[in-house]
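So you can see what is in the structure, the chains are spelled out below.
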Amino acid sequence: MRHFLSLVVAVSVTACATVSGPVTSAFTGQQGMLQAHNQVRARLKLPALTWSAELARYSQDWANHLASNNRCRMQHRSEAGRNPGQYGENLFWGSPVMWSDGWREPQKITAREVAEDWATEAQHYNYSRNSCRTGEQCGHYTQMVWRDTQQVGCAMTLCPDQGQIWVCSYNPAGNWVGQRPY
């Protein structure tokens, strides 16, 4: 079976200040992220996910790698050949807030907002065809509601330019070609 992946980009530019230099931060939104995932799953009467500290560490490792070694460009672990755990993965990128004088600062994005952004892809998923609407993404949503997935762990890292990389890892992985999520 083949596993398919997707990527989402959230971009917002407004006028605010910045902090200079690279910054990484520990993930603090465990409860909001888990609750948002489980609310989406509950609508489909799917079992709730549990939080995995191991998956959160795995996600933090990859978020830090993308920020420090990949110039904050989004890339799934499996695309890089670096997914020894064979976990599912959702990625999210948030641009920095930029002032007209060149200063930058991180957007105020919550873990719940990231999960809810992925969940909005439900509108693009056609269950009877088991596919996304042409030209749209729905793989973040289908990973969130993959029936067999039991655990999630997430992390966030700030990029040197004050953008954000969010990573969630899922066990077991979902999005298997030819299989429906639920």
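Residues numbered from 1 in each chain as written. Predicted model: local features only at pLDDT ≥ 70, side-chain atom pairs only at ≥ 80, totals over all residues. Heavy atoms only, no water.

## Comments concerning the environment of Ser-95
Here is the rule: Strands are runs of DSSP state E lasting at least two residues, helices are runs of H or I lasting at least four, and both sets are numbered from the N terminus onward. Classification of residues uses two cut-offs on accessible area relative to the type maximum, computed with a 1.4 Å probe and protein chains only: under 20% is buried, over 50% is exposed, and between them is partly exposed.
If you trace the backbone, Ser-95 turns up in the loop between β3 (88-94) and β4 (97-98). Residue Ser-95 is classed as buried on the basis of its relative accessible area of 2%. In sequence terms Ser-95 and Gln-107 are 12 residues apart; their C-alpha atoms lie 7.2 Å from each other.

## What about the packing of aromatic side chains?
Convention followed: Within 6.5 Å between ring centres, the rings of Phe, Tyr and Trp (the latter by its six-membered ring) count as paired, and their orientation is classed by plane angle as stacked under 30 degrees, edge-to-face over 60, tilted in between. Working rule: Lys NZ or Arg CZ, within 6 Å of ring centre, within 35 degrees of ring normal, means a charge sits over the ring.
Applying the stated criterion across every chain, the model contains 5 aromatic pairs. Ring centres 6.3 Å apart and planes at 50° place the aromatic pair Tyr-125 and Tyr-141 in the tilted group. Note that Tyr-125 is positioned in strand β6 (residues 125-126) and Tyr-141 in helix α4 (residues 139-144), a separation of 16 residues in sequence. Summarising the burial analysis for this pair, Tyr-125 and Tyr-141 share the class buried. Relative to Tyr-182, the ring of Tyr-127 has its centre 5.0 Å away and its plane inclined at 20°; by these criteria the two rings are stacked. Remark: Tyr-182 occurs in the segment after β9 (164-171) and Tyr-127 occurs in the loop between β6 and β7 (131-132); sequence separation between them is 55 residues. Positioned above the aromatic ring of Tyr-58, the side-chain terminus of Arg-77 is 3.8 Å from the ring centre. Between the NZ or CZ atom of Arg-180 and the centre of the ring of Tyr-127, over which it lies, the distance is 5.1 Å.

## Considerations on the environment of Gln-151
Our working rule: For this analysis, residues touch if any pair of their heavy atoms sits within 4.5 Å.
Topologically, Gln-151 is positioned in strand β8 (residues 151-158). Each C-alpha atom, one on Gln-151 and one on Trp-51, is 5.7 Å from the other, the two residues being 100 residues apart in sequence. Excluding anything up to four places from it in sequence, Gln-151 contacts Leu-49, Thr-50, Ser-52, Leu-55, Ser-169, Tyr-170 and Asn-171.

## Some remarks on the state of the cysteines
To be explicit about the condition: The definition used for a disulfide is geometric: two cysteine sulfur atoms within 2.5 Å.
According to the stated counting rule, one finds 3 disulfides in the structure shown. There is a disulfide in this structure between Cys-72 and Cys-159, and the S-S distance comes to 2.1 Å. The chirality of the disulfide connecting Cys-72 with Cys-159 is left-handed, given an S-S dihedral of about -120°. You can see Cys-72 sitting in the loop between α2 (53-69) and β3 and its partner Cys-159 sitting in the loop between β8 and β9, a full 87 residues away along the chain. A sulfur-sulfur distance of 1.9 Å marks the disulfide that ties Cys-132 to Cys-138. Disulfide Cys-132 to Cys-138: torsion about the S-S bond roughly -90°, handedness left-handed. Taking relative accessible area as the criterion, Cys-132 reaches 28% and is therefore assigned partly exposed. The class for Cys-138 is buried, based on a relative accessible area of 2%. When the bonded cysteines of the protein chain are counted from the start of the sequence, the pairing works out to 1-5, 2-3, 4-6.

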